[in-house]
Amino acid sequence: GFVNFKETMAVKRVLQNPRHYVNEKHVDITLSKFGMETLLSDSIIWLWGLDWSVNDEDISKHFAQYGAVYHAMHIHNPVTGEKRGYGFVDFIDESSTKKALSAAQHNHNKFEVKGQRGHFGKFLPQKTKRDLMYIEDRFGNLLLKQMYNKVPEAGSWGGGKDHNETVRNDA
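Here goes a summary of the coordinates provided. What you see is a predicted model; the values in this text were computed from it and never measured.

Overview of the sheet that holds strand β6 (residues 110-113)
And then number 1: The five strands lie next to each other as β4-β5-β3-β7-β6, forming an open sheet whose pairing is antiparallel. Looking at strand neighbours, the two that pair on one side only are β4 (69-76) and β6, the edges of this open sheet. Across the sheet, the mean angle from the axis of one strand to that of its neighbour is 30°, orientation sign disregarded.
And then number 2: The sheet contact formed by strand β3 (residues 44-48) and strand β7 (residues 116-121) spans three bridges and is antiparallel. When the sheet's bridge partners are listed, W48 is paired in β7 with H119.

The following block contains the structure:
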């Protein structure tokens, strides 16, 4: 759900208390739209402990072994380019997400890219998750723009090579 506050003081009070419950269930608080978009997606797996040398393309190539990757991102400050050491892979198909998560269990949540080790799974460690939740909207919006500007190569919803093969050319 979403809560819009009229005053900043109320937001500060909410953030000071790390534990919030709705109907006796613990809920996480997030501020950024980017955090909301990524944390709530069923097609995303999270990566952490990433080396600064690992880029989006390296991540995408590595995780393509589980299925078609819509987008992979080593989260960074879009203004300075400084990488934060964590990121995500967003698969086109949720069955690919399940394959990757199954491999995560088998590999003790570890993977290796370019000789560098990292961790992956469905959820981020709490400390890293907090960093994601507090990404300023001006940076988060730039990251979202990068994320959604990419058109996947293929998928059940169309576009890419699969789609082009089904289009008749009556020229």
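Let's pick the thread back up.
Details of the pairing of β4
And then number 1: Buried residues dominate β4, accounting for eight of its eight residues.
And then number 2: With six bridges connecting them, β4 and strand β5 (residues 83-91) associate as antiparallel partners. Residue H71 lies in a different strand from β5, and its bridge partner there is D90.
And then number 3: Between the end of β4 and the start of β5, which pair antiparallel, lie six residues, with G81 showing a positive phi angle near 85°.

Each value, and the rule that gives it
Residues numbered from 1 in each chain as written. Predicted model: local features only at pLDDT ≥ 70, side-chain atom pairs only at ≥ 80, totals over all residues. Heavy atoms only, no water. Pairing = 2+ DSSP bridges. Helix = DSSP H or I, 4+ residues; strand = E, 2+ residues; numbered from the N terminus. Axes fitted to C-alpha atoms, helices over the stretch in contact; angles between N-to-C directions. Buried < 20%, exposed > 50% of the residue type's maximum accessible area, 1.4 Å probe, protein only.

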